[in-house]
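Chain by chain, the residues:
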Amino acid sequence: MSVVTAPAIDVVVFDLDGTLVDSDRALDAAWLACGVPLDRITYGHVLAAECDRLGIAVDDYLAAYDPSLVVSFPGVEEMLADVGRWAICSNKHGSAGPAELAQLGWTPEVALFADAFVGSKELAPVLHALGITAEQALFVGDTLHDRHAADDAGCRFVWAGWNPRVGPTPGDEVAQEPAQILAAAGGQLLV
Ligand SMILES: [Mg+2]
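Residues numbered from 1 in each chain as written. Predicted model: local features only at pLDDT ≥ 70, side-chain atom pairs only at ≥ 80, totals over all residues.

Draft legend 1. Here's a closer look at the pairing of strand β7 (residues 156-160). Judged by how many residues are buried, β7 sits mostly within the fold: five of five residues are covered. Note that strand β6 (residues 137-141) and β7 share four bridges and pair parallel. Bridging from a neighbouring strand, Phe-139 pairs with Phe-157 of β7. Taken together, β6, helix α7 (residues 144-153) and β7 form a β-α-β motif whose crossover is right-handed. (Buried ≥ 20, exposed ≤ 12 C-beta atoms within 10 Å, placed from the backbone. Helix = DSSP H or I, 4+ residues; strand = E, 2+ residues; numbered from the N terminus. Pairing = 2+ DSSP bridges. Right-handed = clockwise from strand over helix to strand, strands pointing away.)

Draft legend 2. Molecular detail of the nonpolar core. Grouped together as the largest cluster of nonpolar side chains are 53 residues, with contacts concentrated most on Val-12, Val-13, Ala-87, Leu-123, Leu-138 and Phe-139. Residue-level mapping places this core at the junction of two domains, with at least three residues from each of domain 1 (11-22 + 71-185) and domain 2 (24-67). Ignoring any residue separated from it by four or fewer positions in sequence, one finds Ala-87 in contact with Val-11, Val-13, Pro-108, Glu-109, Val-110, Ala-111, Val-126 and Leu-130. (Core = buried A, V, L, I, M, F, W, Y, C linked by C-beta atoms within 7 Å. Domains from an automatic or database assignment. Contact = placed C-beta atoms within 7 Å.)

Draft legend 3. Region of interest: the sheet that holds β6. Strand order across the open sheet formed by six strands is β5-β4-β1-β6-β7-β8, with parallel pairing between neighbours. Each having just a single partner strand, β5 (110-112) and β8 (173-175) make up the two edges of the open sheet. Neighbouring strand axes in the sheet, compared pairwise and without regard to direction, differ in orientation by 25° on average. When strand β1 (residues 11-14) meets β6, the two strands line up parallel, connected through four bridges. Bridged to Val-12 within β6 is Leu-138. (Axes fitted to C-alpha atoms, helices over the stretch in contact; angles between N-to-C directions.)

Draft legend 4. Structural detail: helix α1 (residues 24-33). Those residues of α1 not exposed but buried are Ala-26, Leu-27, Ala-30 and Trp-31. Here the buried residues of α1 occupy an arc of 125° about the axis, which is enough to place them on one side. Those residues of α1 hidden inside the fold are in contact with α3 (58-64). Backbone geometry just after α1 places Gly-35 at a positive phi near 90°. (Arc of directions from axis to C-beta.)

Draft legend 5. How the structure looks around the domain arrangement of the chain. Under the domain assignment, the chain is made up of domain 1 (11-22 + 71-185) and domain 2 (24-67). Taken over C-alpha atoms, the centre of domain 1 sits 22 Å from the centre of domain 2. Counting from both sides, the interface comprises 15 residues of domain 1 and, opposite them, nine residues of domain 2. Looking at which element gives the most residues to the side of domain 1 that touches domain 2, the answer is helix α5 (residues 96-104), with four residues. A class-by-class count of the residues in the side of domain 1 that touches domain 2 yields three nonpolar, nine polar and three charged. (Nonpolar A, V, L, I, M, F, W, Y, C, P; charged D, E, K, R; others polar.)

The structure is reproduced here in structure tokens:
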């Protein structure tokens, strides 16, 4: 089988929740503690907007959020150790995101959270902080918000296919396991 190639990139930018970490338990527990039933919980949104939708105060949600329930997906730690330059672009709240990174012991070159964006996440400020162009980056995410952020910035996008909730469309690049991100960053198209 021939390997389809793309230009190698310099920095891999990751979404956090649902991409590098499985935070479902932490997110669900916080919503449940705030009185939100399980069937109303969805993922990948800006916290303030989601709190608005559900009638919950952001501070109450953050007080109920326990980052110790967050775990990295299998293979993520090993991939990050080998990936070279990497960054975070996440809709997570600006106070919860850095705390979670600290707990995981992760030190991305740049990590921007909801307070850095106007509305939903944008790659442009992340690329700017990294000092690179969109062509030099690869964005890895698990939701359509991520896909749109990559499209808006003109950045290559790979689905975090190890999260069973991802919904790629035919022709999209999908990494079935974190280690495949290393191949993608090296110039292999995951189609
Ligand atoms: Mg996500």
